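Topology and contacts: notes
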Amino acid sequence: MYIVCALYHFTRFSDPAALKPALLDLAVSKGVTGSLLLAREGINGTIAGSREGIDAVLAHVRALPGCSDLECKESTAQDAPFPRMKVKLKKEIVTMGQPDVDPLAKVGHYVEPEDWNDLIRSPDVAVIDTRNDYEVAIGTFEGAVDPKTDTFRDFPAWWEANKERFHNKRIAMFCTGGIRCEKSTNFLMSQGVEDVYHLKGGILKYLEEVPQEDSSWEGECFVFDGRVSVGHGLEEGPHVLCHACRRPILPADQKRPEFEDGVTCHLCINEKSEADKARFRERQKQIELAKKRGETHMGGSRGV
């Protein structure tokens, strides 16, 4: 059983590149896999490994400048959720493309998971899902507005085009783990919206703490690791990933005529050119060959 740890923290890193080598070396030495992003505005990512390995990486991160009060959300996975460990340098730890947005200056009101249902069921509250369209497609809160954005960069333009819909409304926003709402609430406040709220700890914390019989959540929650989706109690969901378009699909969708492993699914078959499909087929062929070589090697090891 693997511990899966989702984390983010906004702080000021004067030289994030200098932090990368030690963080990567420690994670690899402890058998931790996943992906962490470093930027001048902080750190973000998800990692997986043993209890000892996760604790070692978290201790290292909490020793970084301004990160002593880092919070994280943990769950478990039966299989390894990531193939390797990556530490990447980015301009933003979650890309909104708004240079004036600063979550360290101010954010909306945090709402604890146990108080979320009462808030979003209030008639003067508009609930907005800040995630991307493919995430919303497999699950969201009842009554939530779906902006149908391809990326988080699209959110400011969507708000500008739709803000009149929310006149005289309190705004409640949510995302997977909370990081997007740190920026989206700051953005709305800079646009003159006064009553802005966001779900503390995001969907993951809500699904962990709120019993299913009391829940306002409908469907599954997309996660950016090998589990693909989780449900109440953070149990692994039924979804798999289309390795062509990176969208979540159900096992039954793999039986549809549009599905070709690693090449297309019913969601992306009309989005890919024949050249794309040919390239994906070659990539899939190499993946299958690599798997076979791995199986042969493992079989030999067991025989020794």
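Going by the structure above, here's the rest.
Report on the accompanying structure. (Residues numbered from 1 in each chain as written. Predicted model: local features only at pLDDT ≥ 70, side-chain atom pairs only at ≥ 80, totals over all residues. Heavy atoms only, no water.)

1. Concerning the packing of helix H5 (residues 155-162) against helix H6 (residues 179-190)
Note the following rule: Every axis in this analysis is a line fitted to C-alpha atoms, fitted for helices over the stretch in contact. Angles between the N-to-C directions lie between 0 and 180 degrees. Each helix is a run of H or I in the DSSP string that is no shorter than four residues. Each strand is a run of E no shorter than two, and both are numbered from the N terminus. Working definition: roughly parallel below 35 degrees, roughly antiparallel above 145 degrees, roughly perpendicular at 65 to 115 degrees, and oblique for all remaining angles. Helix crossings fall into two classes, left-handed where the near helix is turned counterclockwise from the far one by less than a right angle and right-handed where it is turned clockwise. The contact rule is simple, with two residues in contact once any of their heavy atoms fall within 4.5 Å. Amino acids outside the nonpolar list (Ala, Val, Leu, Ile, Met, Phe, Trp, Tyr, Cys, Pro) and the charged list (Asp, Glu, Lys, Arg) are all regarded as polar, and Gly is one of them.
Contact geometry for H5 and H6: axes closest at 11 Å, N-to-C directions at 40°. As far as their axial angle goes, H6 and H5 are oblique. Of the two possible hands of crossing, H5 and H6 adopt the one that is right-handed. Contacts between H5 and H6 involve Phe 155, Pro 156 and Trp 159 from the former and Ser 184, Phe 187 and Leu 188 from the latter. Along the lines of polarity and charge, the residues of the contact of H5 with H6 split into 5 nonpolar, 1 polar and no charged.

2. Topic: the sheet that holds strand E5 (residues 85-89)
The condition that has to hold: Strands are treated as partners if at least two bridges between them are detected by DSSP.
The 5 strands lie next to each other as E4-E1-E3-E2-E5, forming an open sheet whose pairing is mixed. At either margin of the open sheet sits one strand with a lone partner, and together these are strand E4 (72-77) and E5. Between one strand axis and the next, the sheet turns through 10° on average, direction left out of account. Of the strand pairs in this sheet, strand E1 (residues 2-10) and strand E3 (residues 42-49) are connected by 8 bridges, and their pairing is antiparallel. Residue His 9 lies in a different strand from E3, and its bridge partner there is Ile 43. Lying on the sheet, helix H2 (residues 51-62) is in contact with E1, E3 and E4; it crosses E3 at an angle near 170°.

3. Regarding the sheet that holds strand E6 (residues 109-111)
The strand order E6-E10-E9-E7 describes an open sheet built from 4 strands, whose pairing is parallel. In this open sheet, the two strands that pair with only one neighbour each are E6 and strand E7 (125-129). Taken pair by pair, the neighbouring strands of this sheet meet at an average axis angle of 30°, ignoring direction. Direction of pairing for strand E9 (residues 170-174) relative to strand E10 (residues 196-199): parallel, over a ladder of 3 bridges. When the bridges of E10 are listed, Ile 171 appears paired with Val 196.

4. Brief notes about the state of the cysteines
As a reminder, the rule being used: Note on terminology: disulfide denotes any pair of cysteine sulfur atoms within 2.5 Å.
The full count for this structure, using the stated rule, is 0 disulfides. Cys 72 forms no disulfide, and the closest cysteine sulfur to it belongs to Cys 5, at a distance of 3.6 Å. For Cys 242, which is in no disulfide, the shortest distance to another cysteine sulfur is to Cys 245 and amounts to 3.6 Å.

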